[in-house]
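Now for the letters of each chain:
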Amino acid sequence: MAEKAVLGFLQTNDQISDSHQFAASVGVGHTELENVIKSLKGFEIVDAQEITREKYMVNGSPEALFFSAIPPEGISRNTLKEKLGIETFDIGSKAAAKNKWIAFDKDLVKRKVESVEDEVKNLLTRINNGEVVSDQVINDLKRRKLIVKQTWKGYSLKRGPKYVSKRKKAATDLTREHIVSGDWKNQEFKEYNVNAEAPAIQVGYLHSLLEVREEIQNIFLQMGFEEMPTNNFVESSFWNFDALFQPQQHPARDSHDTFFLETADRTKDLPEDYLEKVKRVHEFGGYGSKGYGYDWKRDEAEKNLLRTHTTAVSTRMLYALAQQETFTPKRYYSIDRVFRNEAVDRTHLAEFHQIEGVICDRGLTLGDLIGVLEDFFSRLGMSKLRFKPAYNPYTEPSMEIFSYHDGLQKWVEVGNSGMFRPEMLLPMGLPEDVNVIAWGLSLERPTMILYGISNIRDLFGPKVDFNLIKNNPICRLGI
Ligand code: PHE
C-alpha cells in the first residue's frame, strides 16, 4: 500500500519532498513508509535523502486552550478542570480572565467573546515555518512549557536509476518451477549478498579436560608410549590391590576409601595359578621377601569395586606381557577415570582422571625414572622438578614429584612415582632382570592450573557452565 503510493506518486511527480507529510497525506504510519523507502532505496528504485530538522511541538497557550474548551452554552468548572488538567486550568483561567475572554457565572464558565487570537500559537507556527526569532523568545516559551523541541527525521525521495512504477518481486532462489515453466527468463533474482553475516554455526566443543588429555596423549605418543585399554571402571580387588602386593588389611581397602559394588559384588574370573602365587607372596613372601605373614582370603580379592587407580590396568598389562613367550620391552600409558570415596571439596571429587605412564625393560634404575620424569614433565612446561621419598605398597623406592610453579611461587605436588616391587612383578612371571618404572598424576590438577579454575565443580559435573567450555581457548602445553 505504502509502496504503491510512493511509486505511483513518483510516476507523475518529480519528488516527494517530505516523507512525513506524504505519510500523513496517504494515511500510513511513518515507520511503515520508512521501511518501504529503505527497501526501495536498496534496489535503487528510489533515491532517498535523509533530512533532519528541528521542530517545536506546538501546544498552544493555556489561556487559548482554556477558551477553546468552553462550548457556547458554557461548562461547569469541575468538568473543565477534568478536561484540561489542573495546571492548564489554573494558569489558563487566570490569563483568560485577565484578557476578558471569559466570565464566571456561579459554577459555570462562559465565553465573553466570539473568538480569540492565540498569539503564542501564531508565534510558534511562524517559528516552525522557518521564521527566525531570538533565543530569548524561544527560551521563554520553553520555560513556560509551551513548546517542546523535537528532532524530526524524514526523507525526500526521487526516482532512482532503476525506477519502475510497479516492482516485481525478486526471487531468492532459482527453483525447478522457474525452469519448467520458463518464467526464469523474465524473473528478477535477488543478488547474493556475500557480505551478509552468516548465522553462527552450532558445533560441539571439547571439554577442557579432554583438550588437556589430548595434549598429554600427544606427549606420550611422541615419547613412544602405547595406550592401555582402560574401558572398565569396575575392577576386582584382586587386580586393583592384591596383584599390587597391597595387603588385604590396608586402610585404602576399607569402604571409607573405596566404592565396592553391591550387585555383581564378586568377580568370577581370576587366573588360578597366578592367584596362588599372589596368595603365597602375601602370606610367606619369596623372591627375597618375607611377605606380610597373614591369612590371605580369596573372598576379599573377589570383591568388585570401582577402580581406585589406573595402576590396576597397568598390572593387567604387565601380567599379559609376562605371559608372552619372549619378553619385549614396553612403554605404556593411560588417561582415564578412577573413583575414591573421598570428602568432596573445592579441589576433590569422588572421581577424577588419572594419567599413568609405565616403562618395562631390563635393567631399569631409579636414574631412568628420574630422567623420564624430567623429560615428560618438561614437555608439560614443568622443568624444575624435585623428588621426595614416599611410600606405596607396590613400589620401592617411591617418590612424590614436586614442580616449582612460577605463578604460585611455590613447589606444588604434581605426581607420584616409583619402581614396581619384585613381590609384584616376579609372581607374574616377568624375567628377574626386568624392572618397571611408573608414575601417576591427576588430569584435573594441571587443567585447573592451566585454565585458572579454582573450584573443581566448575570443571566437572552438573554445575559446569557450557559457555566456559565453548569459550575456553585451546590448550597448548609447554609453550
Ligand atoms: N597409583 C598411584 C596413585 O594412585 C600412582 C602411581 C602409579 C604411583 C604408578 C606409582 C607408580 O596415586
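Right, let's walk through the structure included here.

What counts as what
- Residues numbered from 1 in each chain as written.
- Predicted model: local features only at pLDDT ≥ 70, side-chain atom pairs only at ≥ 80, totals over all residues.
- Heavy atoms only, no water.
- Helix = DSSP H or I, 4+ residues; strand = E, 2+ residues; numbered from the N terminus.
- Expected span 1.5 Å × (residues − 1).
- Buried < 20%, exposed > 50% of the residue type's maximum accessible area, 1.4 Å probe, protein only.
- Phe/Tyr/Trp six-rings, centres within 6.5 Å; stacked < 30°, edge-to-face > 60°.
- Salt bridge = Lys/Arg side-chain N within 4 Å of Asp/Glu carboxyl O.
- Contact = heavy atoms within 4.5 Å.
- Near = heavy atom within 4 Å.
- Polar contact = N/O pair within 3.5 Å; in protein donor to acceptor, adjacent residues only side chain to side chain.
- Areas by Shrake-Rupley, 256 points an atom, 1.4 Å probe, with all protein chains shown as cover.
- Nonpolar A, V, L, I, M, F, W, Y, C, P; charged D, E, K, R; others polar.
- Pairing = 2+ DSSP bridges.
- Arc of directions from axis to C-beta.

Let us now look at helix H6 (residues 86–98). Taking 1.5 Å of rise per residue, the 13 residues of H6 would be expected to cover 18 Å, and the 18 Å separating its terminal C-alpha atoms lies within 8% of that figure. By the burial criterion, the buried members of H6 are Phe89, Gly92, Ser93 and Ala96.

Overall, the coordinates contain 20 aromatic pairs when judged by the stated rule. With centroids separated by 5.2 Å and ring planes inclined at 70°, the aromatic side chains of phenylalanine 9 and phenylalanine 22 adopt a geometry described as edge-to-face. Here the residue phenylalanine 9 occupies a position in helix H1 (residues 2–12), and phenylalanine 22 occupies one in helix H2 (residues 19–26), the gap between them amounting to 13 residues. Since its relative accessible area comes to 32%, phenylalanine 9 is described here as partly exposed.

This part takes up the pattern of salt bridges. Within this structure, the stated rule accounts for 17 salt bridges. Ionic pairing is found between aspartate 14 and arginine 159, a salt bridge with its closest N-O pair at 3.4 Å. Linking aspartate 14 in the loop between H1 and strand S1 (15–16) with arginine 159 in strand S6 (residues 147–159), this pair joins segments that are 145 residues apart in sequence. For aspartate 14, a relative accessible area of 59% translates into the label exposed. We classify arginine 159 as partly exposed; its relative accessible area is 34%. Put simply, aspartate 265 and arginine 266 hold a salt bridge, and the shortest N to O gap is 3.5 Å. With a relative accessible area of 30%, arginine 266 lands in the partly exposed category. Where salt bridges share partners, they join Asp265, Arg266 and Asp299 into one cluster.

You can see serine 334 is positioned in strand S10 (residues 330–339). The residues touching serine 334, leaving out its near neighbours within four places in the chain, are Met228, Thr230, Thr310, Gln354, Ile355 and Glu356.

Surrounding the ligand, one finds 14 residues, the nearest of these being His309, Thr311, Arg340, Gln354 and Tyr394. Between a nitrogen atom of the ligand and a side-chain N or O atom of threonine 311, the distance comes to 2.8 Å. In isolation the ligand offers 320 Å² of accessible surface; the protein chains occlude 91% of this area. Only strand S11 (351–362), strand S14 (410–420) and strand S15 (434–442) provide two or more residues apiece to the shell around the ligand. Looking at the shell around the ligand, its residues break down into three nonpolar, nine polar and two charged.

Examined bridge by bridge, strand S3 (residues 75–76) and strand S5 (residues 108–111) share two bridges and lie antiparallel to one another. What sits directly across from serine 76, in S5, is leucine 108. Bridging between strand S4 (residues 102–105) and S5 involves four bridges; their strand directions are antiparallel. Counterpart to phenylalanine 104 in the pairing with S5 is valine 109. Between S4 and S5, which pair antiparallel and follow one another directly, the connecting turn spans two residues, one of which, lysine 106, has a positive phi of 50°.

Next up on the list: the sheet that holds strand S7 (residues 226–227). As summarised here, the arrangement of the seven strands in space is S7-S10-S11-S15-S14-S13-S12, forming an open sheet in which the pairing is mixed. The open sheet is flanked by S7 and strand S12 (385–392), the only strands paired with a single partner. In the sheet, S10 pairs with S11 via ten bridges, with the strands oriented antiparallel. Considered in S11, the bridge of serine 334 is made with glutamate 356.

Over its 13 residues, helix H3 (residues 30–42) extends 18 Å from the first C-alpha to the last, a length consistent with the 18 Å expected when each residue adds 1.5 Å. Of the positions making up H3, those classed as buried are His30, Leu33, Val36, Ile37 and Leu40. The buried residues of H3 occupy an angular sector of 120° when the element is viewed end-on, so they sit on one face. Along H3, the residues that are exposed and aim more than 90 degrees away from the buried face are Thr31 and Gly42. Looking one or two residues past H3, glutamate 44 carries a phi angle of roughly 60°, positive in sign.

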